[in-house]
Amino acid sequence: MNSFSLLDIDDLSNEQIQGFFTRAKQIKTQGFSVSSQFGGKICTQLFFEPSTRTRLSFEMACKRMGISTINFDSAGSSLMKGETLLDTFLNVQAMKPDLMVLRFGEDKDLSAAIKSSPIPVISGGEGKYSHPSQALLDAFTILEERGQLNGEKVLIVGDVGHSRVAASNIKLLTRFGAKVAIAGPDYLTELPKDLETKVTRFSDLREGMKWANVVMALRVQLERMASGTKTQFSPERYAREFGIHQGQLSWLNKDAILLHPGPVNQGVELDWPAMQHSQSRILQQVENGVYIRSAMIERCLS
Ligand code: CP
């Protein structure tokens, strides 16, 4: 792998992660620096799955730093003529951008090509496996709000089994001493063994929320559910048992924060009063995403 690529939390040392937090805080407090080092650099963004926050915040970070961006539009591309994702990636790579940001699903050949890319690649999310920039911005937001990660009690609620956000957060937060628990319907919370051993479980949302300092709700990902799982899913039942709506907000500890990576299925995981609640930090996560991604881009191009 190109030593400047950023594809998974496992690729980063604790010192590198800490370095991203320090740099993101500097950018947040002192502003972006447009360095001559980045003048004339070009970042291509290939998002083979939909995105609002991740794509736009990488683009925002690049532009704030004086880096030009080129956005790949699947709908108007030769993918429509049958070109494969791998071939698309290799063709854009052949144009020699300075950096590539990619979001992609399950594709072993593409994954292998990304790992051997001579041009640095930052992951904007890989299938249900990893979303390193989201985990970094979530941890940065927790640090900012709670002052530490060590000893923090983080409850991840909902569709944990399909969630790259949960996978990357479990890896990162437990490495820094946080206690991570999950709550959700059994059919949505199956985890691979390496993650399962790092978490505890609550079958009751109320108990979990009473325990936690940080409550992270997740989007229910219908598009990743196998047909058997989909037939078990009822939005009404989910909302009743694991939704955090006006009625459940009183279960939040007074000093706890509420997070969600977005996009929210309103009325299912969260309702509007929960999103707007004084303890919600959802838009702060989005703002912090630009600083964290800026720090990641700097490292890749430095
Ligand atoms: N959190 C997140 O990845 O959001 P988008 O899918 O909008 O990028």
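As shown above, the structure is provided for reference.
Worth saying up front: this structure is predicted, and the values here are computed from it rather than measured. (Residues numbered from 1 in each chain as written. Predicted model: local features only at pLDDT ≥ 70, side-chain atom pairs only at ≥ 80, totals over all residues. Heavy atoms only, no water.)

Caption draft 1: The arrangement of the sheet that holds strand β8 (residues 214-217) in detail. If you trace the five strands from one edge of the open sheet to the other, you get β7-β6-β5-β8-β9, paired in parallel fashion. Each edge of the open sheet carries a strand with a single partner, namely β7 (199-202) and β9 (257-259). Within this sheet the neighbouring strands show an average axis-to-axis angle of 25°, counted without direction. Bridge count for strand β6 (residues 179-183) against β7 is four bridges, and the pairing is parallel. Bridge pairing in β7 links A183 to F202. (Pairing = 2+ DSSP bridges. Helix = DSSP H or I, 4+ residues; strand = E, 2+ residues; numbered from the N terminus. Axes fitted to C-alpha atoms, helices over the stretch in contact; angles between N-to-C directions.)

Caption draft 2: How the structure looks around the site of the ligand. With respect to spatial proximity, the complete set of residues near the ligand consists of P50, S51, T52, R53, T54, R103, H131, Q134, P261 and G262. Here an oxygen atom of the ligand and a backbone polar atom of T52 are 2.8 Å apart. Contacts to the ligand include P261, whose backbone N or O atom sits 2.8 Å from a nitrogen atom. In isolation the ligand exposes 250 Å². Once the protein is present, 92% of that is buried. Residue classes in the shell around the ligand are distributed as two nonpolar, six polar and two charged. (Near = heavy atom within 4 Å. Polar contact = N/O pair within 3.5 Å; in protein donor to acceptor, adjacent residues only side chain to side chain. Areas by Shrake-Rupley, 256 points an atom, 1.4 Å probe, with all protein chains shown as cover. Nonpolar A, V, L, I, M, F, W, Y, C, P; charged D, E, K, R; others polar.)

Caption draft 3: Main features of the sheet that holds strand β1 (residues 42-47). Read from one edge of the open sheet, four strands run β2-β1-β3-β4, paired in parallel fashion. Across the chains shown, the open sheet's two edge strands, defined by having one partner strand only, are β2 (68-71) and β4 (121-126). The average angle at which neighbouring strand axes cross in this sheet is 15°, direction not considered. Sheet strands touched by helix α4 (residues 108-115): β3 (99-104) and β4. Its angle to β3, the strand with the most contacts, is close to 160°. (Contact = heavy atoms within 4.5 Å.)

Caption draft 4: Highlighting the nonpolar core. Counting 55 residues, the largest nonpolar core has F21, I122, L136, I156, L172, L173 and I297 as its most contacted members. It is helix α12 (residues 282-301) that provides the largest number of residues to this core, a total of eight residues. Apart from the residues within four sequence positions on either side, L136 is in contact with I9, L12, I17, F20, F21, L172, I292 and M296. Of all hydrophobic cores here, the second largest spans 27 residues; its members include F202, A212, L249 and M275. (Core = buried A, V, L, I, M, F, W, Y, C linked by side-chain atoms within 4.5 Å. Buried < 20%, exposed > 50% of the residue type's maximum accessible area, 1.4 Å probe, protein only.)

Caption draft 5: Up close: the environment of S116. Tracing the backbone shows S116 in the loop between α4 and β4. The exposure class assigned to S116 is exposed, which follows from its relative accessible area of 54%. A C-alpha to C-alpha distance of 45 Å links S116 and E207, two positions 91 residues apart in sequence.

Caption draft 6: Region of the structure containing helix α2 (residues 53-64). The end-to-end C-alpha distance of α2 is 16 Å, a good match for the 16 Å that twelve residues give at a rise of 1.5 Å each. Listing the buried residues of α2 in full gives T54, S57, F58, E59, A61 and C62. Packed against the buried residues of α2 are β1, β2, β3, β4, α5 (132-146) and α12. Among the residues trailing α2, G66 stands out with phi positive, at a value near 85°. (Expected span 1.5 Å × (residues − 1).)

Caption draft 7: Main features of the state of the cysteines. This model, assessed by the stated rule, comprises zero disulfides. Cysteine C43 shares no disulfide, and the gap to the nearest cysteine sulfur, in C62, comes to 4.0 Å. Its relative accessible area of 0% is what places C43 among the buried residues. On the basis of relative accessibility, which here comes to 1%, the residue C62 falls in the buried class. (Disulfide = S-S within 2.5 Å.)

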